[in-house]
Amino acid sequence: MISLEKLNALPAQQFVTTLAGVFESSPWVAERVVSARPFASVLHLHETLCAAVGSATLDEQLALIRAHPELAGRAAIRGALTPESAREQEGAGLAACSPLEFARLQELNTEYSQKFGFPFVLAVKGHTRASVLEALAQRLGHGPEEERATALREIGRIARFRLAELLTEPLGVRIIAMARHLARFSEDSEGLTCSYLTSAHRAAAAEVRDFMLSAGLEVSIDAVGNVVGRWGGADSGEATLVTGSHYDTVVNAGQFDGRLGIVLPLAVVADLRRAGVRLPFTLSIVAFAEEEGVRFKLPFLGSRALTGTFDITALDSVDGGGTSLRQALTDCGHDPAAIPSAALDPRTLLGFVEVHIEQGPVLLAAGMPVGVVTSIAGSIRGVVTIIGSSGHAGTVPMGARRDAAAAAAEIVLAVERRCSGTPGLVGTVGELQVPGGAMNVIPGHCVLSIDIRADRDEARKAAFVEIMAEVERISAARGVTFEWRKVLETASVPCSARLQRRWAESITRAAGIAEPRHLPSGAGHDAMVMAGMTEMGMLFVRCGNGGISHHPAESVTAEDADVAARVFADFLLSYAAR
Ligand code: GLV
Ligand code: MN
Ligand code: MN
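What counts and what doesn't
- Residues numbered from 1 in each chain as written.
- Chains lettered and ligands numbered in written order.
- Predicted model: local features only at pLDDT ≥ 70, side-chain atom pairs only at ≥ 80, totals over all residues.
- Heavy atoms only, no water.
- Core = buried A, V, L, I, M, F, W, Y, C linked by side-chain atoms within 4.5 Å.
- Buried < 20%, exposed > 50% of the residue type's maximum accessible area, 1.4 Å probe, protein only.
- 1 Å grid on protein atoms, 1.4 Å probe; cavity = no way out; pocket = protein on both sides within 12 Å on 5 of 7 lines; lining within 4 Å.
- Points joined across faces, edges and corners; volume = space filled by probe spheres on them.
- Helix = DSSP H or I, 4+ residues; strand = E, 2+ residues; numbered from the N terminus.
- Nonpolar A, V, L, I, M, F, W, Y, C, P; charged D, E, K, R; others polar.
- Donors = N, O, S within 2.8 Å, 3.2 Å for Na, K, Ca; no water.
- Near = heavy atom within 4 Å.
- Polar contact = N/O pair within 3.5 Å; in protein donor to acceptor, adjacent residues only side chain to side chain.
- Areas by Shrake-Rupley, 256 points an atom, 1.4 Å probe, with all protein chains shown as cover.
- Expected span 1.5 Å × (residues − 1).
- Contact = heavy atoms within 4.5 Å.
- Salt bridge = Lys/Arg side-chain N within 4 Å of Asp/Glu carboxyl O.

Q: Which residues make up the nonpolar core, and what values go with them?
A: Residues Ile175, Tyr196, Leu264, Leu266, Leu325 and Trp503 are the most contacted members of the largest nonpolar core, which totals 107 residues. Core analysis: the second largest hydrophobic core is formed by 53 residues, Ile2, Leu94, Val132 and Leu136 among them.

Q: I'd like a description of empty space enclosed by the protein, backed by residues and values.
A: Within this structure, the stated rule accounts for 3 cavities of 30 Å³ or more. The volume enclosed by the largest cavity comes to roughly 160 Å³. Lining of the largest cavity is provided by 17 residues; of these, Ala164, Glu169, Arg174, Ala270 and Arg274 occupy positions nearest its centre. When contributions to the lining of the largest cavity are tallied by element, the ones reaching two or more residues are strand S2 (167-168), helix H11 (171-182), helix H12 (199-214) and helix H13 (260-274). In terms of residue count, the dominant contributor to the lining of the largest cavity is H13 (5 residues). By residue class, the composition of the lining of the largest cavity is 11 nonpolar, 2 polar and 4 charged. Approximately 80 Å³ is the volume attributed to the second largest cavity. Contributing to the lining of the second largest cavity are Val42, Leu43, His46, Arg160, Leu163, Ala164, Arg174, Phe211 and Ser214. Among the elements of the structure, helix H4 (42-54), helix H10 (144-166) and H12 are those that each provide at least two residues to the lining of the second largest cavity. Taken together, the residues of the lining of the second largest cavity sort by class into 5 nonpolar, 2 polar and 2 charged.

Q: Quick one: what's the story with the coordination of the manganese ion (ligand 2), residue by residue and with numbers?
A: Surrounding the manganese ion (ligand 2) are the protein donor atoms Asp257 (OD), Glu292 (OE) and His550 (NE2), at 2.0 to 2.1 Å. Between the manganese ion (ligand 2) and the manganese ion (ligand 3) the interatomic distance comes to 3.5 Å, and Asp257 is a ligand of both metals. With Glu292 in the loop between strand S6 (282-288) and helix H14 (301-306) and His550 in the loop between strand S18 (536-541) and helix H21 (558-576), the pair connects residues that are 258 residues apart, well separated along the chain. For His550, a relative accessible area of 42% gives the class partly exposed.

Q: Describe in detail the coordination of the manganese ion (ligand 3), supporting the description with residues and values.
A: Only His246 (NE2), Asp257 (OD) and His356 (NE2) from the protein coordinate the manganese ion (ligand 3), and they sit 2.0 to 2.3 Å from it. Considered as a linear motif, the donors of the manganese ion (ligand 3) on their single chain read H-x10-D-x98-H.

Q: Requested: an account of unusual backbone geometry, with residues and values cited.
A: The peptide bond linking Arg37 to Pro38 adopts the cis configuration, its omega dihedral lying at 5 degrees. The phi dihedral of Asn252 is positive, around 55 degrees, even though this residue is not glycine. Following the sequence through the fold, Asn252 ends up in the loop between strand S5 (240-246) and H13. On the accessibility criterion, Asn252 (36% relative accessible area) is partly exposed. In the Ramachandran plot, Gln359 falls in the positive-phi region, its phi being about 65 degrees despite a non-glycine side chain. Looking at the element boundaries, Gln359 is found in the loop between strand S7 (349-357) and helix H16 (362-366).

Q: Describe the site of ligand 1, with residues and values.
A: Every residue near ligand 1 is listed here: Glu291, Glu292, Arg381, Arg453, Ala523, Gly524 and His550. Take His550: an N or O atom from its side chain is 3.1 Å from an oxygen atom of ligand 1. Coverage of ligand 1 by the protein chains reaches 94% of its 190 Å² of free accessible surface. Here the shell around ligand 1 is composed, by residue class, of 1 nonpolar, 2 polar and 4 charged.

Q: Give a description of helix H8 (residues 99-116) that names residues and reports values.
A: For H8, spanning 18 residues, the distance from its first C-alpha to its last is 26 Å, which sits close to the expected 26 Å at 1.5 Å a residue. The set of residues buried in H8 consists of Leu105, Gln106, Leu108, Asn109, Tyr112 and Phe116. Against helix H9 (129-139) and H10 lie the buried residues of H8. Positive phi appears at Gly117, one or two residues downstream of H8, with a value of about 80 degrees.

Q: Mind laying out the pattern of salt bridges, listing which residues take part and the relevant values?
A: Between side chains of opposite charge, a pair can form when the charged atoms approach closely. Throughout the structure, instances matching the rule amount to 30 salt bridges. Among the ionic pairs, Arg129 bridges to Glu101, the shortest N-O distance being 2.7 Å. Of this pair, Arg129 sits in helix H9 while Glu101 is found in helix H8, placing the two residues 28 residues apart along the sequence. Here Glu101 falls in the partly exposed class, since its relative accessible area comes to 23%. Among the salt bridges present, the one from Asp345 reaches Arg347, with a minimum N-O distance of 2.9 Å. One salt-bridge network, held together by shared partners, links Asp457, Arg460, Lys486 and Glu489.

Q: Mind laying out H13, listing which residues take part and the relevant values?
A: The terminal C-alpha atoms of H13 lie 21 Å apart, and with 15 residues this matches the ideal 21 Å at 1.5 Å per residue to within 8%. Most of H13 is tucked away: 12 of the 15 residues are buried. Buried residues of H13: Leu260, Gly261, Ile262, Val263, Leu264, Pro265, Leu266, Ala267, Val268, Val269, Ala270 and Leu272, and no others. Just beyond H13, the residue with positive phi is Gly276, at close to 85 degrees.

See the structure below:
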């Protein structure tokens, strides 16, 4: 392997020969990006190489596709594959085809090359012989252009896997690059929005899967869309330590909320595997499909499925466009009936740990790159619908109005007033709408959300009771009615004392911090759901830009990501040595 730093500094010709195996017998791809050096990350190099292929002529693209050998084809039999191809084909079990499978593969290969005029190209990592045959049969149904685009996409994936085996880079650089890469998959053209089961969300899941395959994990996607990568232990039996976080985002999100806790363990595991480490237990890295609750107003769907607490009646919930959760799952090829079988068996679990950006200013102010989470705040969330009376903005006298928005405005202030001044208590109205409202119409209908959280459950409950009494008083005084629909109520969850100790020890060893900072989490996390099933602990990573989060300015530095990665590696290795 060679470092990216070295590759950036090589003479042009050596740069091209170093990358010779990445695009099958096609050195021109590397030649075209020489002048774009230095590359900031391996992913940046990969994107630039793929862009060079994308902007090549049609003949060049076809030549690149044709440079690939058939899978288990004549070149494989003659032993004439490039070392990269030979390893990959063997990895998918193609070297061990039964006579029947071999005959079927030959037959489909022939039909394919007759139809398209080039060999069938597939990134076989993560495939079995059966799934290769299935993909081949399915792609035979493509039109010529669709298939050429598919082949080029697969060549890009092959290149990514090969680059991961060839190049090293600092962990922090890699982690930030992976988070930035995932942020490209968004519902908005500007900014990052990736809500549950949208096409951006599915594309992000496919990228996470490729990241996991690159890191050498066995990957599966469960019935709610959790992407699960397993790194089997040396003599573990079933004992599994689970880590991970969510890949869905809020609207106009930052790039690290959730995603950091997926890509950081992946970068660490890739490095440990490369160094020949085998853990004595299985490590499972979960990219939770849904945590934020944006689309269906139902948070934690991913972790609820894994803990066997997914409420099946939730399948009838609808999003803002009237699509039910059941329908959205089915449209994405998931089987809602299989959700209960996604649950983990608690008897096999060693614990759950989550790495997450702090999303607040505490570590920043303390000058600490990482910290140990002590507890996760409990919360109550719900929606208030106020019904007043609409009317003409010009003709109804002020004293005769039943204005739903004016009532809502008073409620917003009541939430703010009641939740100010109690340490650890916060209250937010994050959604406020006048459905069907117009400038010249008195609002007859208003919908607002209320989110109250506290580290102490008594403080949260007392605030909620008093706020609802205020909602009642305000409504009566203004002659409007209201309905309250609770969306979520969670108790505050302490992190395991033992895991807090382990995180603190790892911070001291790996980051040289004698007295690690301990802090509570005001944000909710999948970890609080996982805590219902197994021992739970969390590591926070410093949040830049004043600690802003749920905002595009959310930031983590590569240096802090590097420290957190070393802490995480130490945590795994010391856990293994216990
Ligand atoms: C999740 O980000 C939450 O705390 O709302
Ligand atoms: Mn969030
Ligand atoms: Mn989060």
